[in-house]
Amino acid sequence: MSTVRTRFAPSPTGFFHIGSARTALFNWLYARHTGGCFILRVEDTDSARNEERYLRVIYESLRWLGLDWDEGPDAGGAHGPYKQSERGAIYREFLGRLRASGRAYDRDGAVWFRLAGARRVVREKYREGDRVLEREAEVVDAPPVCIHDVVRGDVMRAEDRDFVLVRANGEPGFHFANVVDDITMRITHVIRGEDHLSNTSKHVELYNALGVPPPVFAHIPLILKGDGRGKMSKRDRGALIEEYQARHFLPEAVRNFLCLLGWTPRDGREVLPVSDVVAQFELADVHQANARFDERKMSFINQQWLRLIEPGEFSRRAVPLLREAGLVAGGENAAFVQSVLGVLREKLPGLEDLPRFARYFFTDEFERDGAAREALEKKGDPVARVRELLPALEAVAGFEDAAALDAVVARTVAGTGRKPGEYFAPLRYAVSGLGGGPDLHSVLRILGRDRVLARARRFVSGA
RNA sequence: GUCCCCUUCGUCUAGCCCGGCCUAGGACAUCAGGUUUUCAUCCUGGCGACUGGGGUUCGAAUCCCCAAGGGGGCGCCA
């Protein structure tokens, strides 16, 4: 009984894409689910397009997502090297085998794979830019091969033309390197995007020519653009992992969301710890249909995770943001910071909103939300309401007791004929400049009587 | 053009393999209420889908065929 070996094989030619991340995730999930091995292999054969900085982004993004690999360029392993650029000798050996069996030949300086079957020349249309042209091409009537795919079932497909094994510049082509590496690294399950399905018949041809049984394939659905047509591309909003890092999304949430793109937990939960995903992840449950990216759902899941993490963990991630925004410097009362975070956490859509939502707790220099003010003025004059509250606010000793605010409002209301509800929102606006936020009792308790009174006075005076 | 994959609410999906329990369930979004006065959370409710056409069957979202639509491949990119 052999152990499962999966691999993620990115090429460092650009930033780390959400589709790549999901492919890595599914490979990782399946390896962890089966107690197998997850391998990182760097497909850097195209020296013209490879860049070291992109490799670093891949490492960082995988680590950020918590996807650890058992073998890889930096981790070592028994089947290395794990960079294709260092595997020249291995490719030469396998090329020798194909030459020996007559399945490889030279043309135009490159080495080609020879398909088995009758050949003929056809005229065909092809696209060049937006022009449709015609050309002659040699096609081969090769018998179809069968791709055993656990998510698609058996797919029959025939290749109809020879393809390049080694480019004229001596670098191995994708199909050849990919298959040789999967063979030599003893990969048992190839889990990758559906965009590779059509190419897989080339790979099966190679396995057959080399006399090696192909691995189990699992072609997972693609992630489509949230708006517009086609699959998600680098330029689409939400497409890059580093964008989520920069916006302070929780990696647990991004990973959780990625799990849901092409797979559904059997127990029906959508927000769940990764250990539970690992426990129930089966390739046979992976969807066949492409999924459209929905950034609103991503945000929702992020918000859920904000509440799931431990309070200590929450503040460990939140405090640096307050520091970046210049709201805390490190020397202030930790208990005060914790109480602010405590009331904000339940209301926060995302960590990126924290500075905006927290600002008024730390400084008197906060902006007032114009839209919130307009909304208030539709219901009455907020300045007048706060002015009416002033005497009672001055009389109160503090807001430690939640009843204090209620008493202030009750006293103000007496004799005016107004409803208590007319006073809460104007007071919130006076002390925070916002139309919403945590429970007002808590806000006043944290700000303290003196600051509440000072801000109320300033608001009334028009400042 | 050609080959391959796919097709349930606006979006993500459950159900489909093993036809009846489906007047099709859930989530996001949205709308309306509620949280005996504030609120960005929370609760309740509303709106909302089996792509179309044939066939098989007593009975089809579920099985078969065709069409249409969507996606992808067809590079000396990966």
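Here the structure is a predicted model, which is why all the values come from computation and not from measurement.

## Overview of the overall build of chain A
Then, in step 1: Helix and strand content of chain A: 18 helices and 13 strands.
Then, in step 2: Here the C-alpha atoms of chain A give a radius of gyration of 31 Å, more than 25% beyond the 23 Å that 2.2 N^0.38 yields for 463 residues.
Then, in step 3: Once the C-alpha set of chain A is aligned to its principal axes, its extents read approximately 100 × 50 × 40 Å.
Then, in step 4: A buried classification covers 33% of the 463 residues belonging to chain A.
Then, in step 5: A fraction of 72% describes how many contacts in chain A between residues 6 or more apart in sequence connect residues 24 or more apart.

## Considering the environment of Pro 172
Then, in step 1: Looking at where Pro 172 falls in the secondary structure, it is placed in the loop between β9 (163-166) and α4 (174-184).
Then, in step 2: For Pro 172, a count of 26 C-beta atoms within 10 Å puts it in the buried group.
Then, in step 3: Between the alpha carbons of Pro 172 and Gly 380 there is a distance of 74 Å; along the sequence they are 208 residues apart.
Then, in step 4: When residues no more than four places from it in sequence are discounted, the contact partners of Pro 172 are Thr 45, Tyr 91, Leu 165, Val 166 and Ala 177.

## Quick notes on the domain arrangement of chain A
Then, in step 1: Partitioning chain A into structural domains gives domain 1 (5-82 + 223-292), domain 2 (87-220), domain 3 (309-362) and domain 4 (370-460).
Then, in step 2: On a C-alpha basis, the centres of domain 1 and domain 3 stand 30 Å from each other.
Then, in step 3: Of the residues lining the interface, four residues belong to domain 1; the matching set on domain 3 comes to five residues.
Then, in step 4: Classifying every residue of the side of domain 1 that touches domain 3 gives two nonpolar, one polar and one charged.

## A closer look at the protein's contact with RNA strand B
Then, in step 1: Every one of the 56 residues lining RNA strand B counts as a neighbour, but Glu 43, Asp 108, Pro 420, Gly 421 and Phe 424 are closest to it.
Then, in step 2: Breaking the surface near RNA strand B down by element, the ones donating at least two residues are β8 (153-157), β13 (291-292), α9 (295-308), α15 (403-413) and α16 (421-432).
Then, in step 3: No other element matches the four residues that α16 contributes to the surface near RNA strand B.
Then, in step 4: A breakdown of the residues in the surface near RNA strand B according to their chemical character gives 19 nonpolar, 15 polar and 22 charged.

## Description of the confidence of the model for chain A
Then, in step 1: Of all residues in chain A, 97% have pLDDT values of 70 or greater, and the mean over the chain is 90.
Then, in step 2: Of the two predicted TM-score estimates for the complex, the pTM is 0.92 and the ipTM is 0.92.

## So, the packing of helix α14 (residues 382-395) against α16
Then, in step 1: Direction vectors running N to C along α14 and α16 enclose 95 degrees, while the axes themselves pass 9 Å from each other. In this view, α14 runs roughly perpendicular relative to α16, as classed from their interaxial angle. Taken together, the residues of α16 that come into contact with α14 (itself represented by Pro 382, Arg 385, Val 386 and Leu 389) are Glu 422, Tyr 423, Pro 426, Leu 427, Tyr 429 and Ala 430.
Then, in step 2: Grouping the constituent residues of the contact of α14 with α16 by class yields eight nonpolar, no polar and two charged.

## What to know about the environment of Asn 199
Then, in step 1: By the secondary structure assignment, Asn 199 is in the loop between β10 (189-193) and α5 (200-210).
Then, in step 2: Its 16 C-beta neighbours within 10 Å are what place Asn 199 among the partly exposed residues.

## Some remarks on unusual backbone geometry
Then, in step 1: The backbone phi angle of Arg 186 is positive, close to 55 degrees, even though this residue is not glycine.
Then, in step 2: Of note, Arg 186 is situated in the loop between α4 and β10.
Then, in step 3: A positive phi angle, close to 60 degrees, is found at His 248, a residue other than glycine.
Then, in step 4: Here His 248 is to be found in the loop between α6 (241-246) and α7 (251-259).
Then, in step 5: The exposure class assigned to His 248 is partly exposed, which follows from the 17 C-beta atoms found within 10 Å.

## A look at the pairing of strand β2 (residues 37-40)
On a regular strand, one side chain projects to one face of the sheet and the next to the other, so that they alternate.
Then, in step 1: Across the two faces of β2 the burial is the same, with Cys 37 and Ile 39 and Phe 38 and Leu 40 all buried.
Then, in step 2: Bridge count between strand β1 (residues 5-8) and β2: four bridges; the pairing is parallel. Paired with Phe 8 across the strands is Leu 40, a residue of β2.
Then, in step 3: Read from β1 through helix α1 (residues 18-34) to β2, the crossover connection turns out right-handed.

## A word on helix α10 (residues 311-324)
What sets the pattern is the α-helix's 3.6 residues per turn: residues three or four places apart point alike.
Then, in step 1: For α10, which comprises 14 residues, the first-to-last C-alpha distance of 20 Å matches the rise-based estimate of 20 Å (1.5 Å per residue) to within 8%.
Then, in step 2: Buried residues along α10 sit against α11 (334-345) and α12 (354-362).
Then, in step 3: With its phi angle positive at about 75 degrees, Gly 326 sits one or two positions after the end of α10.

The rules behind these values
Each chain carries its own residue numbering, running from 1 in the written order of its sequence. Here every chain gets a letter starting at A, and every ligand a number starting at 1, in the order they are written. Totals for whole chains, interfaces and linings use every residue, but because this is a predicted model, local features are given only for residues with pLDDT of at least 70 and side-chain atom pairs only at 80 or more, for both listing and counting. Strands are runs of DSSP state E lasting at least two residues, helices are runs of H or I lasting at least four, and both sets are numbered from the N terminus onward. Two things to know: the radius of gyration comes from C-alpha atoms, and the globule rule equals 2.2 Å times the number of residues to the power 0.38. Comment: burial labels come from other C-beta atoms within 10 Å of the residue's own C-beta, placed from the backbone, where a count of 20 or more is buried, 12 or fewer is exposed, and between is partly exposed. Once C-beta atoms have been placed from the backbone, residue pairs whose C-beta atoms lie within 7 Å are recorded as contacts. Domain start and stop points were drawn from an automatic or database domain assignment. Residues are sorted three ways: Asp, Glu, Lys and Arg are charged, Ala, Val, Leu, Ile, Met, Phe, Trp, Tyr, Cys and Pro are nonpolar, and all the rest, Gly among them, are polar. Only the C-beta atom matters for this test: placed from the backbone, it must lie within 6 Å of a molecule or strand for the residue to be near it. Each residue carries a pLDDT score, the predictor's own confidence in it, on a scale running from 0 to 100. Think of each axis as a best-fit line through the C-alpha atoms, taken over the contacting stretch in the case of a helix, with angles from 0 to 180 degrees between the N-to-C directions. Each angle receives one of four descriptions, namely roughly parallel if under 35 degrees, roughly antiparallel if over 145, roughly perpendicular if within 65 to 115, and oblique otherwise. By this definition, two strands are paired if DSSP reports at least two bridges between them. With the strands pointing away from the viewer, any crossover whose connection runs clockwise from the first strand over the helix to the second is right-handed. By definition here, a helix of n residues has an expected span of 1.5 Å times n minus one.

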